[in-house]
Amino acid sequence: MNYILGAFKPACHISITFSDGKSRKQVPLKKENGQTVMVPLFQSQENISGKISIEPVSGKKVEHNGIKVELLGQIVRELDVPGEIYERKTYPFEFSTVEMPYETYNGVNVRLRYILKVTISRGYAGSIVEYQDFVVRNYGPPPSINNSIKMEVGIEDCLHIEFEYNKSKYHLKDVIIGKIYFLLVRIKIKNMDLEIRRRESTGSGANTHVETETLAKFELMDGAPVRGESIPIRLFLSPYELTPTYRNINNKFSVKYYLNLVLVDEEDRRYFKQQEITMFRLGETS
Amino acid sequence: MHHNGVEDEEKWLAAGITGLQQNAFFMHRALDSNNLKDALKYSAQMLSELRTSRLSPQKYYELYMRAFDELRKLEIFFKEETKRGCSIVELYELVQHAGNILPRLYLLCTVGSVYIKSKEAPAKDILKDLVEMCRGIQHPLRGLFLRSYLSQVSRDKLPDLGSEYEGDAETVSDAVEFVLQNFTEMNKLWVRMQHQGPAREKEKREKERSELRDLVGKNLHVLSQIEGVDLDMYRETVLTRVLEQVVNCKDEIAQCYLMDCIIQVFPDEYHLQTLETLLGAFPQLQPSVDIKTVLSRLMDRLSNYAASSAEVLPEFFQVEAFVKLSNAIGKVIEAQDDMPVIGVVTLYSSLLTFTLQVHPDRLDFVDQILGACVTKLSGKGKLEDSKSRKQVVALLSAPLQKYNDIDIALKLSNYPHVMEYLDNGTKKEMASVIIQSIMKNKTLISNSEKVEALFELIKGLIKDLEGNLQSELDEEDFHEEQNSVARLIQMLHNDDPEEMLKIICTVKKHILAGGPKRLPFTVPPLIFNALKLIRRLQNRDENVAEEDTPATPKKIFQILNQIIEALSSVPVPEVAMRLYLQCAEAADDSDLEPVAYEFFTQAYLLYEEEISDSKAQVTAIHLIIGTLQRMHVFGVENRDTLTHKATGYSAKLLKKPDQCRAVYACSHLFWVDDQDSIKDGERVLLCLKRALRIANAAQQMANATRGSGGSVTLFIEILNKYLYFFEKGVTQITVASVQSLIELITNEMQGENATPDPTADAFFASTLRFIQFQKDKGGAVGEKYEAIKV
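Residues numbered from 1 in each chain as written. Chains lettered and ligands numbered in written order. Predicted model: local features only at pLDDT ≥ 70, side-chain atom pairs only at ≥ 80, totals over all residues. Heavy atoms only, no water.

Colleague: How should I be thinking about the overall build of chain A in this particular structure?
Modeller: Assigned secondary structure in chain A consists of one helix and 23 strands. Each of the three principal axes of chain A carries a C-alpha extent, and together these read 85 × 35 × 35 Å. In chain A, buried positions account for 44% of the 286 residues. Pairs at least 24 residues apart make up 64% of the contacts formed inside chain A by residues separated by at least 6 positions. (Helix = DSSP H or I, 4+ residues; strand = E, 2+ residues; numbered from the N terminus. Buried < 20%, exposed > 50% of the residue type's maximum accessible area, 1.4 Å probe, protein only. Contact = heavy atoms within 4.5 Å.)

Colleague: Which parts of the structure should I look at to understand a positive patch on the surface?
Modeller: Among the surface-exposed residues, Lys652(B), Lys689(B), Arg690(B) and Arg693(B) lie close enough to one another that they form a single positively charged patch. Tracing the backbone through its elements, the reader meets Arg693(B) in helix 34 (residues 681–706). (Patch = residues over 30% accessible without salt bridge, like charges linked within 9 Å, V, L, I, M, F, W, Y side chains within 5 Å. Areas by Shrake-Rupley, 256 points an atom, 1.4 Å probe, with all protein chains shown as cover. Salt bridge = Lys/Arg side-chain N within 4 Å of Asp/Glu carboxyl O. Lys, Arg positive; Asp, Glu negative; His and termini not counted. Charge placed at Lys NZ, Arg CZ, Asp CG, Glu CD.)

Colleague: Before we go on, may I ask you to explain the packing of aromatic side chains in this structure?
Modeller: Between two aromatic rings, the relevant description is the distance of the centres plus the angle of the planes. Residues and elements named next belong to chain B. Applying the stated rule across the entire model yields 39 aromatic pairs over all chains. Ring geometry for Tyr64 and Phe145: centres 5.0 Å apart, planes at 50°, overall tilted. Of this pair, Tyr64 sits in helix 3 (residues 57–83) while Phe145 sits in helix 7 (residues 140–154), and the two are 81 residues apart along the sequence. For Phe145, a relative accessible area of 2% corresponds to the buried category. Of the aromatic side chains, those joined through ring pairs into one cluster are Tyr60, Tyr61, Tyr64, Phe68, Tyr106, Phe145 and Tyr149. The side chain of Arg209 reaches across the aromatic face of Trp190, ending 4.5 Å from its centre. (Phe/Tyr/Trp six-rings, centres within 6.5 Å; stacked < 30°, edge-to-face > 60°. Lys NZ or Arg CZ within 6 Å of the ring centre and 35° of its normal.)

Colleague: For this particular structure, what's the right way to read empty space enclosed by the protein?
Modeller: Counted under the stated rule, the structure contains three cavities of 30 Å³ or more. Here the largest cavity is characterised by a volume of approximately 50 Å³. At the level of elements, helix 7, helix 8 (171–193) and helix 9 (202–225) of chain B are the ones that each hand at least two residues to the lining of the largest cavity. The element best represented in the lining of the largest cavity is helix 8 of chain B, accounting for three residues. Across the lining of the largest cavity, the residue classes tally to four nonpolar, four polar and one charged. Estimated volume of the second largest cavity: approximately 40 Å³. Around the second largest cavity, the lining residues are Phe218(A), Leu220(A), Pro232(A), Ile101(B), Arg104(B), Leu105(B), Met133(B) and Gly136(B). Of all the secondary structure elements, the ones that give two or more residues to the lining of the second largest cavity are strand 19 (209–222) of chain A together with helix 5 (101–118) of chain B. At three residues, the largest contribution of residues to the lining of the second largest cavity is made by helix 5 of chain B. Among the residues making up the lining of the second largest cavity, the classes are represented as six nonpolar, one polar and one charged. (1 Å grid on protein atoms, 1.4 Å probe; cavity = no way out; pocket = protein on both sides within 12 Å on 5 of 7 lines; lining within 4 Å. Points joined across faces, edges and corners; volume = space filled by probe spheres on them. Nonpolar A, V, L, I, M, F, W, Y, C, P; charged D, E, K, R; others polar.)

Colleague: Would you explain the sheet that holds strand 1 (residues 12–18) of chain A in this entry?
Modeller: For sheets, the rule is that strands pair by backbone hydrogen bonds, running either parallel or antiparallel. Residues and elements named next belong to chain A. One open sheet holds the three strands; their spatial order is 1-4-9, and the pairing between them is antiparallel. Each end of this open sheet is capped by a strand with a single partner; those strands are strand 1 and strand 9 (89–95). Taken pair by pair, the neighbouring strands of this sheet meet at an average axis angle of 20°, ignoring direction. Sheet analysis places strand 4 (residues 48–56) next to strand 9, joined by seven bridges and oriented antiparallel. Along strand 9, the bridge assignment pairs Ser53 with Thr90. (Pairing = 2+ DSSP bridges. Axes fitted to C-alpha atoms, helices over the stretch in contact; angles between N-to-C directions.)

Colleague: Looking at this structure, I do not really get the interface of chain A and chain B. What am I missing?
Modeller: Note: interface size is frequently given as the accessible area lost on complex formation between the parts. Tallying the contact residues gives 19 residues for chain A and 23 residues for chain B. For the pair chain A and chain B, the interface holds four salt bridges. A salt bridge links Asp129(B) to Arg234(A); the shortest N-O distance between them is 2.3 Å. Inspection of the chain A/chain B interface yields 13 residue pairs in polar contact (both at pLDDT 80 or more). (Polar contact = N/O pair within 3.5 Å; in protein donor to acceptor, adjacent residues only side chain to side chain.)

Colleague: For this particular structure, what's the right way to read the confidence of the model for chain A?
Modeller: Close inspection of predicted coordinates is inappropriate in any region flagged by low pLDDT. Residue and element names in this part refer to chain A. Averaged over chain A, the pLDDT score is 89; the fraction of residues at 70 or greater is 94%. Here helix 1 (residues 2–7) stands out as the element of chain A with the lowest mean pLDDT, 47, in contrast to strand 20 (residues 230–236), whose mean of 97 is the highest. Low pLDDT (under 50) marks residues 1–7, which in the prediction has four contacts with non-local residues, meaning those over four places away or in another chain. (pLDDT = per-residue confidence, 0-100.)

Colleague: Would you take a moment to explain the domain arrangement of chain B for this structure?
Modeller: All names here are of chain B. Annotation of chain B at the domain level lists domain 1 (1–120) and domain 2 (122–265). Here domain 1 and domain 2 have C-alpha centroids that lie 23 Å from each other. With 31 residues of domain 1 at the contact, the number on the domain 2 side is 27 residues. When the buried area of domain 1 at its contact with domain 2 is split by residue, Pro57, Cys109 and Ile116 rank highest and sum to 27% of it. Viewed at the interface, domain 2 and domain 1 are joined by one salt bridge. A salt bridge links Glu164 to Lys119; the shortest N-O distance between them is 2.8 Å. On inspection of domain 1 and its partner domain 2, the count reaches eight residue pairs in polar contact (both at pLDDT 80 or more). (Domains from an automatic or database assignment. Buried area = accessible area lost by both parts, 1.4 Å probe.)

Colleague: Mind showing me how you'd approach the sheet that holds strand 14 (residues 149–155) of chain A here?
Modeller: Residues and elements named next belong to chain A. Taken in spatial order, the four strands make up an open sheet running 14-15-17-20, and their pairing is antiparallel. In this open sheet, the two strands that pair with only one neighbour each are strand 14 and strand 20. Sheet twist, expressed as the mean angle between neighbouring strand axes with direction ignored, is 20°. Bridge count for strand 15 (residues 159–165) against strand 17 (residues 175–185) is seven bridges, and the pairing is antiparallel.

Colleague: Sorry, what's going on with a negative patch on the surface here?
Modeller: A surface patch of negative charge is lined by Asp474(B), Glu475(B), Glu476(B), Asp477(B) and Glu480(B). Classification of Asp474(B) by relative accessible area gives partly exposed; the value is 38%.

Colleague: Whenever I open this one, the layout of surface pockets confuses me. Can you help?
Modeller: Using a probe with the size of a water molecule, rolled over the atoms, empty space left in the structure can be pinpointed. In this structure, the largest pocket encloses a volume near 1600 Å³. As for the largest pocket, its lining consists of 45 residues, of which Ser53(B), His139(B), Gly197(B), Glu201(B) and Glu208(B) are closest to the centre. Elements with a contribution of two residues or more to the lining of the largest pocket: strand 18 (189–202) and strand 19 of chain A together with helix 1 (5–32), helix 3, helix 7, helix 8 and helix 9 of chain B. With five residues, helix 9 of chain B is the largest single contributor of residues to the lining of the largest pocket. Residue composition of the lining of the largest pocket, grouped by class: 15 nonpolar, twelve polar and 18 charged.

Colleague: Sorry if this is basic, but what is going on with the side chain of Ser113(B) here?
Modeller: All names here are of chain B. With respect to the helices, strands and loops of the structure, Ser113 is situated in helix 5. Owing to a relative accessible area of 2%, Ser113 belongs among the buried residues under this scheme. At 3.1 Å, the side chain of Ser113 and the side chain of Lys157 are in polar contact. The residues touching Ser113, leaving out its near neighbours within four places in the chain, are Glu75, Val153 and Lys157.

Colleague: Got a minute to help me understand unusual backbone geometry in this structure?
Modeller: Across the chain, the bulk of peptide bonds are trans and the bulk of non-glycine residues have phi less than zero. All names here are of chain A. In this structure, Gln45 takes a positive phi of about 75° despite not being glycine. Mapped onto the fold, Gln45 is located in the loop between strand 3 (36–42) and strand 4. At Asn251, a residue that is not glycine, the phi angle is positive and equals roughly 60°. Among the structural elements, Asn251 can be located in the loop between strand 21 (246–249) and strand 22 (253–265).

Colleague: Looking at this model, I keep getting lost on the pattern of salt bridges. Mind explaining?
Modeller: Working definition: two side chains of opposite charge can pair if their charged atoms are close together. What the rule picks out here adds up to 56 salt bridges over all chains. Between Asp193(A) and Lys217(A) there is a salt bridge; the shortest N-O distance is 3.4 Å. With a gap of 24 residues between them, Asp193(A) in strand 18 and Lys217(A) in strand 19 connect regions that are remote in the sequence. Under the relative-accessibility criterion, Asp193(A) is labelled buried at 5%. Members of the salt-bridge network, linked through shared partners, are Glu132(B), Arg135(B), Glu185(B) and Lys188(B).

Colleague: Please clarify how helix 37 (residues 758–777) of chain B should be interpreted in this entry.
Modeller: Along an α-helix, residues three or four apart share an orientation, since each turn contains 3.6 residues. Residue and element names in this part refer to chain B. For helix 37, built from 20 residues, the straight-helix expectation of 28 Å at 1.5 Å per residue is met to within 8% by its first-to-last C-alpha distance of 28 Å. Three or more residues of helix 37 are buried, namely Ala760, Phe764, Thr767, Leu768, Ile771, Gln774 and Lys775. The buried residues of helix 37 all sit within an arc of 115° when viewed along its axis, so they share a single face. Among the exposed residues of helix 37, those pointing more than 90 degrees away from its buried face are Pro758, Thr759, Arg769, Asp776 and Lys777. Among the structural elements, helix 35 (713–728), helix 36 (735–750) and helix 38 (779–786) are those in contact with the buried residues of helix 37. Once helix 37 finishes, Gly778 follows within two positions and takes phi at roughly 75°, a positive value. (Expected span 1.5 Å × (residues − 1). Arc of directions from axis to C-beta.)

What follows is the structure, encoded as structure tokens:
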């Protein structure tokens, strides 16, 4: 949208700065055009404040019917009554303790964005608009109950395994520890992988659309084990771009994570067992 | 796929190496520019080449070694990286982000090595983590090499006593635990190889497995190198755990190799102190395991250990090593019912070697072993295969070699019983070994019981054994064997004549049963040995009451007579006759006229009845004459009879020259220097004249048959006899008779029929020179000869 605006050669330059812009953490955000930009990071209940400067291009005057700043989808603040701007004019703004329960999310079929939008309303010439993305991440305490996942699965007289993941809820930089215990092996296994899969569902009812992505494919075992073997699991999550699990965000979408244990036999048949894990964002202790 | 297996493999290896080198190149670049991220990326890609399943162990090893070299460089880089401030803990995590497990684990082991060196965490924790994580590789070949790599990078970083990585009180246990775990896992992988792939490739697989065995065995070597493993820990942990794995893996190849490994890598004193545990494992092994070889090697080692120093022997006694080994062998043999005889004998053979080394004084142990061997051999008949026979020979030879004394073997009651199981050929071989041992060590077999036992042992050589076909015998071998028996008989000796006589009787009994073929070899040495005894008795104090003792020359002569008589069954009259004459001479020395006469009679009888060959007769008659000439025991009558006979025989020889020579030889029977009673010049002359007549006749016969004069040699020979007696002062030999003989010869030589004969010429010339020489001497002799004109 920016370049469409640019085609009109705006009569003025709008800049948005946050009051703690220098010290606030910046995080990368992938935009629709694929470019990654660094944007400030907020969390729910924070004040979002700053200044907006409007500077007319080379002495031109900008006539307007009023200037406002919106936190998109939420709140509008009037910055100025209709009038004219001849020279650089700066407006402070502040949205106090903004309720932002949902995190910024960039999915396959759904995006959740937070944007500041400055609009200079004009009559005939059309409005001048400027956007500023920022990212919201919300941190929670570690879950009070975090059981391990332990399960025995198998195909009768063919393969019986017992696997264990040390937790059912992992934070984004966590490490999955576990083991697979082979109770019965009558097939020739070639290798075994642990996959992390993300299931993003959008819409609701009959219109639900589900998209599944494999974010990690991590080889756990090479070769064919025999009965009684126990194979360790240690998978560090930090290298992967994971988000917390989102359940029914604003009745629009959900994002869930699964650990998929895949055994491949010599004829390339795949045997797998998928288990949901909950991802959460752990407050950074600094 | 199978036709071009080798070629394809070369191709795959080449491709693997190329891939590895390419990534190594990029890795080096990353290392040079301190780019950790790229270093990790390319090293992981490089290590991915090791994920191949297409290479045989040998080729895989080649690839592995290249990767190994590259990993050394990477390890150095990691180390430098930590010096530059990169946290080793982070590095340890970072390498675990790799998605493929094999590269991930190689990298983890490499960083782990640096981690231990950094001492930021206890070595035992890191090692434990590494060895646990390696479980992810279940592919036998790849797993073996990965764990081998782990073993390689960790061996100098074990938390051993005195090592810089030494930990808390349990540090040695931690080190041992780590190695044991790696060993156990490696062995499991190794054994698993046996059960993978099609059955028809079993042989190939076994070959491949044996190529890999040292990777597994290496762990045991590492264990043996851990300083902190003392006897207690070895007993309680190391041995128990290793044996547990060995027994439980139920794999023939592994059990065989690892048992041997245990024996070879750990110290002998540990084996000795844990003998029961170690031996206890043997009966639990698979029936197909070649226990005998392994157990034999254990015993060989212990034997060598015992031999290394006398100081260690008490250890052996203290743990009752013999009893334990003996029991273990018993159990193994019992458990493996179908163990071939060779196995049984090999085991006992090794035990015997051990016993001889450790308990040289315990003959009862040795006998016990032989007894056990007999029990096992009984019911199996003669040993059929040559290997087992060889092994039995080795078994039986061991005590001989140890004690250098057949005496010892003769005390072992089971020794002959073991020999029973040998076939005839091997019995003979063994007998030869025994005789050689006696010869080599100059063992004195000093009484008749021992001789009896000895001859029982070597009866393979002494008599024909049943089922032994004559045709099997090689003439030369037979002679060799019998000559060795002859040598043995010569060696028998006891200072006590009574005992010596018993020995002679014993030998007599055995050799007389030996069959006609052997007698010509065995009788003479026995006769001479007996004659030796007689000579000893002659030198003895005459006062010894002869009646009480059986060992009188007279009695011995009786025995000798019987022995020689046995030769009559064999057509060897010449030998028998010689022996009679020898005995006669001995009897002469003993002043036993009737005995001597009897021997002569026997000799004459043989001459008359058995010796019919002309040449043999000539030889015999000269022997008779020679012997008779030396006899002094005979009275006039007996002598006359014998002399008369001898001259008679001489004149009856077939060929004239032989007759002639025998007859002139007889002349000596009538003139013996040191016997005054025998100085009969008349008969000397008679003999010589008779000889001349015969020579003449010979000459004429030659003329008649060949048209030329025969040789004058006979005349010259007779002339020499004339001269001899002339000089001795036989009055009947006159100057005239000598003179005429010279003339006769001269004429003959110059006669028209004379054949030129340079030998005769020379002989005659030197005879004349002798006469001249005597003349020139002057004195009485010169005077005597003066009358002869030349």
